[in-house]
Amino acid sequence: MVDDVNLDKESVMTIYCKVLIVDDEMLVRQGIRHLLDWESEGFQIVGEASNGKEALEMVHLYQPNIVLTDIVMPVMDGEELTRIVKGMYPEMEIVVLSSFGEFEYVRSTFQSGVADYMLKPKLDAVSMLAVLKKTAERIPAFQHSEWKSEKKQSVDYILDKLISGYSVDYDKNELSAIVPYSSFVLLSVVQDKSVSLTRNEEWLEAALKAIIQNRDRPVATRRLSHQDGYIRYLLNLDNSAQEDAVQIAQQLLEAGDKGHMSIVVALSHVFEQLSELHDIYTNDMLKVLDHRFFLPDRRLLIVNELEKQAEKGAPFDMEAFTAELNHQEFDLAFGRLSTYTHSMNGRLDTDMFEFKSFLDHSLFNIIVTLKHFHYEASSLDEGKYEYFRAIHEAEHIGEVILLLEKFLNEAVSCVSDNRTGSPGIQKILLYMDKHFSQPLTLTEVAKHFHFNPSYLSNYFTVHNKEGFNEYLNRIRIDKACTLLRENPNLSISEISNLVGYSDHSYFTKVFRKLMGISPSHYRKK
């Protein structure tokens, strides 16, 4: 038997005033969504967007009556969004959300036809409802509405509350007419980013409808609200729920291939109570979708199967890695990190965010170690935040592997190409860094390392960008600057002795030469 399934919203006699929420902060969007019992007040939230560009796609798709938008957003701000929407859809009303310091932005939006504005820090249900009703009365279709709270909650409103983790009272008998079968499965689709949201949703609606109409066993489908960038569906099935859900997902992927739509589909556990919706989405779907990062070639992600495959791999030996760095065994340390990162392809026992954080920490340790041993690593140091950003934004492990290999190649160049990377000069520099407060001389250091003083002077000049005395003075004055800033109770004379100068006037002369001002003036800055 083929169940007569309607993928569209249920037909009701009530006409709702449709609202689109636009804000780059997810918590703000969620707060607005759950601030009111929207549909009982005559409104219906048709979508959420995190910036003006996303909002424009939803405006074309859902044709909202009111757009409730933030002002300051990335990609496209509320001012530009307002100008474009009012130019294309003059009948749509715009209500601006602003902070206290954004009056000039708000004033500019009023010139583009904004109906009203609300202050985000003072949002409350009563004032928001008053503004929305006042705005809706500007729309011809709602000018004679009495806005009485007599409208029933729709199925979409109830499901949205449940999946967001809010309690909601509803008539289970009425709901069972829409989702009549005993079992549920959540199906999430990662959309093809090369295709517009409108086309993605329209294609999914048509593909699912065709798949379900050609099935022998009954199934009802309900599209849920957008969240986390995923298109979500609730599958309501009878017997063999897991098997049927997998078949539907596979057919959806096949349809995507035929329609040149590159999508990924994820399926949750089977569950029997709608009250479980939030836990299933949070604990099943979001975790399995995060594992996409480690499974770039998998297009069907089924929670049950992934749980069976989630064997623990070998952990990273951070102690050995740190020891190799400290002993300047860079080939071993870099190889260890590269091998471990490659091994993460297909791993399911590690959280994506924890792995990215681990990798950021490892790259930072490499840079610190290279600088500590006086390798010329300034380019790596200056570019580290770009590496961290790229790792954070990477969508799969393959991207991270390429980023790591690029970083390690640069690190290898720092070790092999810089003259200051000579093991001999590094030992001398470290010795001077450690003993700078003592009365060091070229002769004494040469004796310590069994060098002829004349040879050490030439060796130092060849392998370091500064001569012996220049380098010693610099590290001493750097330390003196720190003491002047952080120890106001120490006298200039005491600081002079602490950094290795027995002659106070000579210390002042060297300090002025390197810093351009006297120690006392430096302290007063």
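See above for the structure.
Keep in mind it's a predicted model, so treat the numbers as computed, not measured.

**As for the overall build of the chain**
Then, number 1: Along its length, the chain carries 23 helices and ten strands.
Then, number 2: A buried classification covers 50% of the 525 residues belonging to the chain.
Then, number 3: The long-range fraction of contacts in the chain, counting pairs at least 24 apart against all pairs at least 6 apart in sequence, stands at 70%.
Then, number 4: Counting only carbon and sulfur atoms, one obtains 51% of the accessible surface of the chain, whose full area is about 26,500 Å².

**Side note on the sheet that holds strand 9 (residues 264-267)**
Then, number 1: If you trace the five strands from one edge of the open sheet to the other, you get 7-8-6-9-10, paired in mixed fashion. Each edge of the open sheet carries a strand with a single partner, namely strand 7 (219-223) and strand 10 (300-302). Pairs of neighbouring strands in the sheet enclose a mean axial angle of 20°, with direction left out of account.
Then, number 2: Where strand 9 and strand 10 come together, three bridges link them in parallel fashion. Looking at strand 10, one finds that Ala266 is bridged to Leu301.
Then, number 3: Across the sheet, helix 6 (residues 155-163) is in contact with strand 6 (183-190), strand 7 and strand 8 (230-237); its angle to strand 7 comes to roughly 75°.

**Regarding the pairing of strand 5 (residues 116-119)**
Then, number 1: Residues of strand 5 alternate between two faces, with Asp116 and Met118 buried on one and Tyr117 and Leu119 left unburied on the opposite face.
Then, number 2: Across four bridges, strand 4 (residues 93-98) lies against strand 5 in parallel orientation. When the bridges of strand 5 are listed, Val95 appears paired with Asp116.

**Topic: the pattern of salt bridges**
Oppositely charged side chains are able to pair whenever their charged atoms sit close together.
Then, number 1: One pass over the full model with this rule turns up 19 salt bridges.
Then, number 2: Salt-bridge contacts for Glu41 lead to Lys133; the nearest nitrogen and oxygen are separated by 3.6 Å. Placement of the pair is Glu41 in the loop between helix 1 (26-33) and strand 2 (43-49) and Lys133 in helix 5 (residues 125-136), with a sequence separation of 92 residues.
Then, number 3: Its relative accessible area of 14% is what places Glu41 among the buried residues.
Then, number 4: Residue Arg223 pairs with Glu205 through a salt bridge whose shortest N-O separation is 3.5 Å. Note that Arg223 is positioned in strand 7 and Glu205 in helix 8 (residues 197-213), a separation of 18 residues in sequence.
Then, number 5: Overall, the relative accessible area of 16% leaves Arg223 in the buried class.

**Looking at the nonpolar core**
Then, number 1: Ranked by size, the top nonpolar core spans 37 residues in total, and within it Leu337, Phe355, Ile366 and Leu370 carry the most contacts.
Then, number 2: For this core, the leading source of residues is helix 16 (residues 397-417), giving nine residues.
Then, number 3: Each residue touching Ile366, except ones within four places of it in the same chain, is listed here: Phe321, Leu325, Phe334, Leu337, Phe407, Leu408 and Ala411.
Then, number 4: By size, the runner-up hydrophobic cluster in this structure holds 30 residues, among which are Ile163, Phe271, Met285 and Leu306.

**Looking at the packing of helix 13 (residues 330-343) against helix 14 (residues 352-372)**
Then, number 1: For the pair helix 13 and helix 14, interaxial distance at closest approach is 12 Å and the crossing angle is 170°. The pairing of helix 13 with helix 14 is recorded here as roughly antiparallel in orientation. Taken together, the residues of helix 14 that come into contact with helix 13 (itself represented by Phe330, Phe334, Leu337, Tyr340 and Thr341) are Phe355, Phe358, Leu359, Ser362, Leu363, Ile366, Thr369 and Leu370.
Then, number 2: For the contact of helix 13 with helix 14, the residue count by class is ten nonpolar, three polar and no charged.

**Overview of the sheet that holds strand 5**
Sheets are built from strands paired through backbone hydrogen bonds, the pairs being either parallel or antiparallel.
Then, number 1: Read across the sheet, five strands follow the order 2-1-3-4-5 without closing on themselves; strand pairing throughout is parallel. Each of the sheet's edge strands pairs with one partner strand only, and the pair in question is strand 2 and strand 5. Neighbour-to-neighbour, the strand axes of this sheet turn through a mean angle of 20°, independent of strand direction.
Then, number 2: Relative to strand 2, strand 1 (residues 17-22) is paired through six bridges, and the arrangement is parallel. Bridge pairing in strand 2 places Leu20 opposite Gly47.
Then, number 3: Where helix 2 (residues 52-62) meets the sheet, it contacts strand 1, strand 2 and strand 3 (66-70), and its direction lies at approximately 140° from that of strand 2.
Then, number 4: Where helix 5 meets the sheet, it contacts strand 1, strand 2, strand 3, strand 4 and strand 5, and its direction lies at approximately 170° from that of strand 5.

**Looking at the side chain of His34**
Then, number 1: Following the sequence through the fold, His34 ends up in the loop between helix 1 and strand 2.
Then, number 2: Once residues lying within four places of it in the same chain are set aside, the contact partners of His34 are Asp160, Lys161, Ser164 and Tyr166.

**A word on the packing of helix 20 (residues 468-486) against helix 22 (residues 504-515)**
Between two packed helices, both the angle of their axes relative to each other and the distance between the axes serve to describe the pair.
Then, number 1: Contact geometry of helix 20 with helix 22 gives a least axis separation of 10 Å together with a crossing angle of 95°. With respect to helix 22, the element helix 20 is oriented roughly perpendicular. Across from Asn473, Arg474, Ile477, Ala480, Cys481 and Leu484 in helix 20, the residues of helix 22 making contact are Tyr506, Phe507, Val510, Phe511, Leu514 and Met515.
Then, number 2: Grouping the constituent residues of the contact of helix 20 with helix 22 by class yields ten nonpolar, one polar and one charged.

**What to know about unusual backbone geometry**
Then, number 1: The phi dihedral of Gln63 is positive, around 50°, even though this residue is not glycine.
Then, number 2: Within the secondary structure, Gln63 sits in the loop between helix 2 and strand 3.
Then, number 3: Unlike most non-glycine residues, His260 shows phi in positive territory, near 60°.
Then, number 4: Along the chain, His260 falls in the loop between helix 9 (241-258) and strand 9.

**Some points on the pairing of strand 1**
Then, number 1: Counting buried positions along strand 1 gives five out of six residues, so the element sits mostly inside the fold.
Then, number 2: Of the pairings in the sheet, the one linking strand 1 to strand 3 comprises four bridges and is parallel in character. Within strand 3, the residue paired with Leu20 across the bridge is Val67.

**Examining the packing of aromatic side chains**
Then, number 1: Scanning the entire structure with this criterion turns up 21 aromatic pairs.
Then, number 2: On the basis of an interplanar angle of 85° and a centroid distance of 5.6 Å, the ring pair of Tyr431 and Phe449 is categorised as edge-to-face. Of this pair, Tyr431 sits in helix 17 (residues 423-435) while Phe449 sits in the loop between helix 18 (442-448) and helix 19 (453-463), and the two are 18 residues apart along the sequence.
Then, number 3: Put simply, the rings of Phe293, Phe294, Phe316, Phe321, Tyr340, Phe355 and Phe358 pair up and form one aromatic cluster.

Cut-offs applied
Residues numbered from 1 in each chain as written. Predicted model: local features only at pLDDT ≥ 70, side-chain atom pairs only at ≥ 80, totals over all residues. Heavy atoms only, no water. Helix = DSSP H or I, 4+ residues; strand = E, 2+ residues; numbered from the N terminus. Buried < 20%, exposed > 50% of the residue type's maximum accessible area, 1.4 Å probe, protein only. Contact = heavy atoms within 4.5 Å. Areas by Shrake-Rupley, 256 points an atom, 1.4 Å probe, with all protein chains shown as cover. Pairing = 2+ DSSP bridges. Axes fitted to C-alpha atoms, helices over the stretch in contact; angles between N-to-C directions. Salt bridge = Lys/Arg side-chain N within 4 Å of Asp/Glu carboxyl O. Core = buried A, V, L, I, M, F, W, Y, C linked by side-chain atoms within 4.5 Å. Parallel < 35°, antiparallel > 145°, perpendicular 65-115°, else oblique. Nonpolar A, V, L, I, M, F, W, Y, C, P; charged D, E, K, R; others polar. Phe/Tyr/Trp six-rings, centres within 6.5 Å; stacked < 30°, edge-to-face > 60°.

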